[in-house]
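Here's the letter readout for the chains.
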Amino acid sequence: MERIKLAIEKAKASRPDLLLPDSRSSHHGDAGMSAELDSPEREEDTPDDLGAVQYAQTAVVSLDPAHLERHRVVAHQKAHPASWAFDVLRTQVLQKMDESGWRTLAITSPSVESGKTVVAINLAISIAQQTNRTALLVDFDLRRPSVARSLGLNRPKSLNDFLDGHANLAEALVNPGLERFVVLPTNQPVSGASELLSSAKVGKLIKDLRERYSDRIVIFDLPPVLAADDVMSVLPRVDCVLMVVGSGVSTQTEVEEAMSRLSKANLMGVVLNKDESPTQNAYY
Ligand SMILES: Nc1ncnc2c1ncn2[C@@H]1O[C@H](COP(=O)(O)OP(=O)(O)OP(=O)(O)O)[C@@H](O)[C@H]1O
Ligand SMILES: [Mg+2]
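Rules and cut-offs
Residues numbered from 1 in each chain as written. Chains lettered and ligands numbered in written order. Predicted model: local features only at pLDDT ≥ 70, side-chain atom pairs only at ≥ 80, totals over all residues. Heavy atoms only, no water. Helix = DSSP H or I, 4+ residues; strand = E, 2+ residues; numbered from the N terminus. Buried < 20%, exposed > 50% of the residue type's maximum accessible area, 1.4 Å probe, protein only. Areas by Shrake-Rupley, 256 points an atom, 1.4 Å probe, with all protein chains shown as cover. Salt bridge = Lys/Arg side-chain N within 4 Å of Asp/Glu carboxyl O. Axes fitted to C-alpha atoms, helices over the stretch in contact; angles between N-to-C directions. Parallel < 35°, antiparallel > 145°, perpendicular 65-115°, else oblique. Contact = heavy atoms within 4.5 Å. Nonpolar A, V, L, I, M, F, W, Y, C, P; charged D, E, K, R; others polar. Phe/Tyr/Trp six-rings, centres within 6.5 Å; stacked < 30°, edge-to-face > 60°. Lys NZ or Arg CZ within 6 Å of the ring centre and 35° of its normal. Lys, Arg positive; Asp, Glu negative; His and termini not counted. Core = buried A, V, L, I, M, F, W, Y, C linked by side-chain atoms within 4.5 Å.

### Digging into the overall build of the chain
Item 1. Helix and strand counts for the chain come out as 11 helices and nine strands.
Item 2. Across the 284 residues that make up the chain, the buried fraction comes to 57%.
Item 3. Summing over all exposed atoms, the chain offers an accessible surface of approximately 11,900 Å²; the carbon and sulfur share of this is 48%.

This is the structure in structure tokens:
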């Protein structure tokens, strides 16, 4: 544990621009568009208050609260003792993104099972709770997609169908019953993920998703940076990146190697997840 913190501190010293050196999202008692853009997802924008957005094209589905909680999706429950951590993270992330004019955020980690998907979903929900924002979460972990599973989504069309040319974007998007929150799920693992992520089609998709609405933050759930070159393929196409380090998951060397691979990206910070050290919140 201490070694991970030291590795983060070391990386922080070499990257003084880092915003979130050790923001904790540790929670739970157990551990601490373009051609496809011709039909609008919502009828109109009301810049100051998007609370009344109508999902004219996007399918709306209801999620199972118990399923969400089991998968650690809690940011929509204000009374949940872990949701504060995501609100703090949201505020820090949005301040930095606004300052820099950034609207697309990639989430990665050094190793698998660090909590990227949990952080990506909860952060997107927390952002969508601000009435002047919308959040779009895209499952770009094309090797081990898990956003749909974590949310309990079972959609007939997904990013797979869009990439195959069998669906337009509006058919693949879904609003999981939370206002201002839209998801682009990936239902199946994709072969040739890195090449696909480097393709002109994905480049155009990212650009279109970013440019469509000025109030929208787009979050991309990515694979681990050390697992393959997928992250390196996407990074030049997104504004900034957030790294999730799972306490006890990655070694010090892995954290340092991951940091060095992100050296050319706008690394916003590091979320230390699954940290069991005491925090100010008595619940944890
Ligand atoms: N703070 C936490 N405390 C305890 N368990 C957690 C925490 N965050 C995530 N987990 C659990 O760790 C596991 C991995 O989480 P998640 O799927 O979000 O990681 P990931 O980095 O996206 O994994 P992958 O590399 O497979 O995509 C899940 O079982 C999740 O519920
Ligand atoms: Mg994941």
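Read on for the rest.
### Considering the pattern of salt bridges
Item 1. Considering all chains together, one arrives at nine salt bridges under this definition.
Item 2. Across the salt bridge formed by R90 and D87, the nearest N and O atoms sit 3.8 Å from each other. With R90 and D87 both in helix α3 (residues 83–100) and three residues apart, this pair spans about one turn of that helix.
Item 3. Notably, a salt bridge pairs R210 with E211, separated by 3.2 Å at the nearest N-O pair.

### Focus on the packing of α3 against helix α4 (residues 116–128)
Item 1. Where α3 meets α4, the closest approach of the two axes is 9 Å, and the angle between their N-to-C directions is 75°. Between α3 and α4, the crossing angle belongs to the class labelled roughly perpendicular. From α3, F86, D87, L89, R90, V93 and L94 reach across to α4, where they touch V118, V119, N122, L123, S126 and I127.
Item 2. A per-class count over the contact of α3 with α4 returns eight nonpolar, two polar and two charged.

### Description of the packing of aromatic side chains
Item 1. Taken as a whole, this structure holds one aromatic pair when the rule is applied.
Item 2. Just above the ring of F162 sits the side chain of K201; from NZ or CZ to the centre is 4.8 Å.

### Section: the side chain of D161
Item 1. Looking at the element boundaries, D161 is found in helix α6 (residues 159–164).
Item 2. Although D161 is buried, it forms no salt bridge, and the closest oppositely charged side chain is K157 at an N-O distance of 4.6 Å.
Item 3. If we ignore the near neighbours within four places in the chain, the residues touching D161 are P156, H166 and A167.

### Looking at the environment of Q188
Item 1. Positionally, Q188 belongs in the loop between β6 (181–184) and α8 (193–197).
Item 2. Once the C-alpha coordinates of Q188 and R144 are considered, the two residues, 44 residues apart in sequence, prove to be 8.1 Å apart.
Item 3. If sequence neighbours within four positions are ignored, Q188 has contacts with L142, P145 and N160.

### Structural notes on the nonpolar core
Item 1. Judged by nonpolar contacts, the single largest core of 42 residues is most densely connected at F140 and L184.
Item 2. In terms of residue count, helix α9 (residues 200–212) provides more of this core than any other element does, four residues in total.
Item 3. Beyond its immediate sequence surroundings of up to four residues, F140 is in contact with L159, L197, V202, L205, I206, F220, D221, L222, P223 and V234.
Item 4. Formed by 40 residues, the second largest nonpolar core is a distinct cluster that contains A128, V174, L242 and V244.

### Comments concerning the pairing of strand β3 (residues 104–108)
Item 1. β3 sits mainly inside the fold: five of its five residues count as buried.
Item 2. Going residue by residue along β3, you find T104, A106 and T108 tucked away on one face and L105 and I107 tucked away on the opposite face as well.

The values reported here are purely geometric and, on their own, carry no functional implication.
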